[in-house]
Amino acid sequence: MSRGINFKNIYDDFYGAASEKPEISVPESKKKPLKNEEFSVETEVLSEESELAPVQTASDETKKSEEPKEPEKSGMEELEELIGLSTVKHDVEELIGLAKVQKMREEKGMKTVPVSLHLVFSGNPGTGKTTVARILAKLYKEIGILSTGQLVETDRSGLVAGYVGQTAIKTQKKIEEAMGGVLFIDEAYTLNQEGENFGQEAIDTILKAMEDHRDKFVVIVAGYTELMKNFVNSNPGLKSRFNKFFEFPDYTVDELKQIFKLQCDKYQYKLTEEAEGAVKKEIERLEATKGENFANAREVRNLFERIITNQASRVSELEDVDEERLTTITIEDLEDAIADAAEDEDKLKKGIEDIEEAVEIAKKSRPKGAGIIRR
């Protein structure tokens, strides 16, 4: 053990030994009781950041606690606020009503009719399938069907591995994440591909978990309507467990316009009268020329993002920027966005034409009688 500094010797050298100092008597009435904290020494190591940081006081905490917090909305309130989807909303309300009554009967010791909560969401991209799945998870928790109510989103890549035996392990991890909540599998039909077994291994693992852990988690599979029907009908186990289909229709032009306005309101943007008219015409054009890959609300959100990107580029070059300029979208911002969209569309068409041309060249150059090699 290293030898420490003898503070007593230093003290004695400076003040003199204790025996040499006159004794000062203090009357008992003048003596004050000593508190432990009078002898405590506090040390604190400060980093450069902490030295500069403002001291947080009790009043700061009080102010934070006094700040009004927006009350959390119920699942039904969130559902009603969604634009369009009247049929889906009705189906959800019926399902939740049935599940709620069955839960009441169970709590009173009455017989209950087994109700499958596993669902098929079918429809085109951008029609609100993921959003409704998240709301359903919340509703299931609110009525006591699920314990935690989280939504775990995944697709084929999140379930299927590249080697035999690993897919079951990978899929099981996703199932464990979803316990107490909802496992949402997008483009689920990709698990059922002809000529490979990895997807089937994932399906078998999920079906077994649904049987072993009844009422512990819910599975929602989603994708294009016809492909999802084929997917469910391809397997007796899937068909018996997924007997409820929720069809998500494409949004109408008016609903797409409402979605764009909702984005503007949410992020505090406003359009000039000229820009607003141009936005409506662009949305009408997008809907009128839509193909099978039209992404509905996603198309509108992409349009909105292109517009605000162009607006930001324009405003960033200005010297005097006030709140009005930060929040206003002009026709100039929209014209650039439409030009960008048209350019992207032309590139896509050109890419498809190039692929088709390459296929034709391959067909012509193939020797007669030669078959196409399939992987």
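Fair warning: this is a prediction, and the values are worked out from it, not measured in the lab.

Rules behind the numbers
- Residues numbered from 1 in each chain as written.
- Predicted model: local features only at pLDDT ≥ 70, side-chain atom pairs only at ≥ 80, totals over all residues.
- Heavy atoms only, no water.
- Axes fitted to C-alpha atoms, helices over the stretch in contact; angles between N-to-C directions.
- Helix = DSSP H or I, 4+ residues; strand = E, 2+ residues; numbered from the N terminus.
- Parallel < 35°, antiparallel > 145°, perpendicular 65-115°, else oblique.
- Left-handed = near helix turned anticlockwise from the far one by under 90°.
- Contact = heavy atoms within 4.5 Å.
- Core = buried A, V, L, I, M, F, W, Y, C linked by side-chain atoms within 4.5 Å.
- Buried < 20%, exposed > 50% of the residue type's maximum accessible area, 1.4 Å probe, protein only.
- Pairing = 2+ DSSP bridges.
- Salt bridge = Lys/Arg side-chain N within 4 Å of Asp/Glu carboxyl O.
- Right-handed = clockwise from strand over helix to strand, strands pointing away.
- Phe/Tyr/Trp six-rings, centres within 6.5 Å; stacked < 30°, edge-to-face > 60°.

Student: Could you give an account of the packing of helix 5 (residues 86-107) against helix 6 (residues 129-142), with specific residues and numbers?
Tutor: For any two helices packed against each other, the geometry comes down to the angle between their axes and how far apart the axes lie. At their nearest, the axes of helix 5 and helix 6 sit 11 Å apart, and the two run at 20 degrees to each other. On the basis of the axis angle, helix 5 is roughly parallel to helix 6. For helix 5 against helix 6, the interelement crossing comes out right-handed. Residues Val88, Val92, Leu95 and Ile96 of helix 5 form the contact with helix 6, whose participating residues are Val132, Leu136, Leu139 and Tyr140.

Student: Got a sec to walk through the nonpolar core? Specific residues and values, please.
Tutor: Counting 47 residues, the largest nonpolar core has Val92, Phe121, Leu136, Tyr140, Ile220 and Phe260 as its most contacted members. Sort the elements by how many residues they give to this core and helix 6 lands first, with seven residues. Counting 25 residues, the second largest nonpolar core, distinct from the first, contains Val120, Ala209, Phe217 and Phe231.

Student: Provide a residue-level description of unusual backbone geometry, including the pertinent values.
Tutor: Note: most peptide bonds trans; most residues except glycine with negative phi. The phi angle at aspartate 215 is positive, at roughly 70 degrees, despite the residue not being glycine. For aspartate 215, a relative accessible area of 68% translates into the label exposed. For glutamine 268, which is not glycine, the phi dihedral falls at a positive 60 degrees. For glutamine 268, the location among the structural elements is in the loop between helix 12 (253-266) and strand 6 (270-271).

Student: Which residues make up the sheet that holds strand 1 (residues 119-123), and what values do they have?
Tutor: Spatially, 2-3-4-1-5 is the arrangement adopted by the five strands of the open sheet, whose pairing is parallel. Edge strands, defined here as strands with exactly one partner in the open sheet, are strand 2 (151-154) and strand 5 (245-248). Going from strand to strand, the sheet's axes swing by 20 degrees on average, the running direction of each strand aside. Here strand 2 pairs with strand 3 (residues 182-186) via four bridges, running parallel. Bridged to threonine 154 within strand 3 is isoleucine 185.

Student: Requested: an account of the pattern of salt bridges, with residues and values cited.
Tutor: This model, assessed by the stated rule, comprises 17 salt bridges. One salt bridge in this structure joins lysine 138 and glutamate 72, with 3.3 Å as the shortest N-O distance. One end of the pair, lysine 138, is in helix 6; the other, glutamate 72, is in the loop between helix 3 (58-66) and helix 4 (75-81), with 66 residues separating them in the sequence. On the accessibility criterion, lysine 138 (17% relative accessible area) is buried. The partner of arginine 285 in a salt bridge is glutamate 282, and the shortest N-O contact between them spans 2.9 Å. Here the residue arginine 285 and the residue glutamate 282 both occupy positions in helix 13 (residues 273-288), the gap between them amounting to three residues, near one helical turn. Here the salt bridges do not stand alone but share partners, grouping Glu72, Glu78 and Lys138 into one network.

Student: Can you break down the pairing of strand 3 residue by residue, with the values?
Tutor: Within strand 3, four of the five residues are buried, which leaves it mostly tucked inside the rest of the structure. Sheet topology note: the strand 3/strand 4 (residues 218-223) ladder contains five bridges and is parallel. Note that in strand 4 the partner of aspartate 186 across the bridge is alanine 222. Each parallel crossover has a hand, and for strand 3 linked through helix 9 (residues 198-212) to strand 4 it is right-handed.

Student: How would you summarise the packing of aromatic side chains if you had to cite specific residues and measurements?
Tutor: Evaluated as defined, the whole model comprises six aromatic pairs. Measuring from centroid to centroid gives 4.9 Å for phenylalanine 121 and phenylalanine 248, while their planes differ by 50 degrees, and the two rings are tilted. Placement of the pair is phenylalanine 121 in strand 1 and phenylalanine 248 in strand 5, with a sequence separation of 127 residues. Take phenylalanine 121: its relative accessible area is 0%, and that puts it in the buried class. Taken together, a centroid distance of 5.8 Å and an interplanar angle of 80 degrees make the contact between phenylalanine 260 and phenylalanine 304 edge-to-face. Highlighted residues: phenylalanine 260 in helix 12 and phenylalanine 304 in helix 14 (residues 297-315), separated in sequence by 44 residues. Its relative accessible area of 3% is what places phenylalanine 304 among the buried residues.

This is a description of form; function is not addressed.
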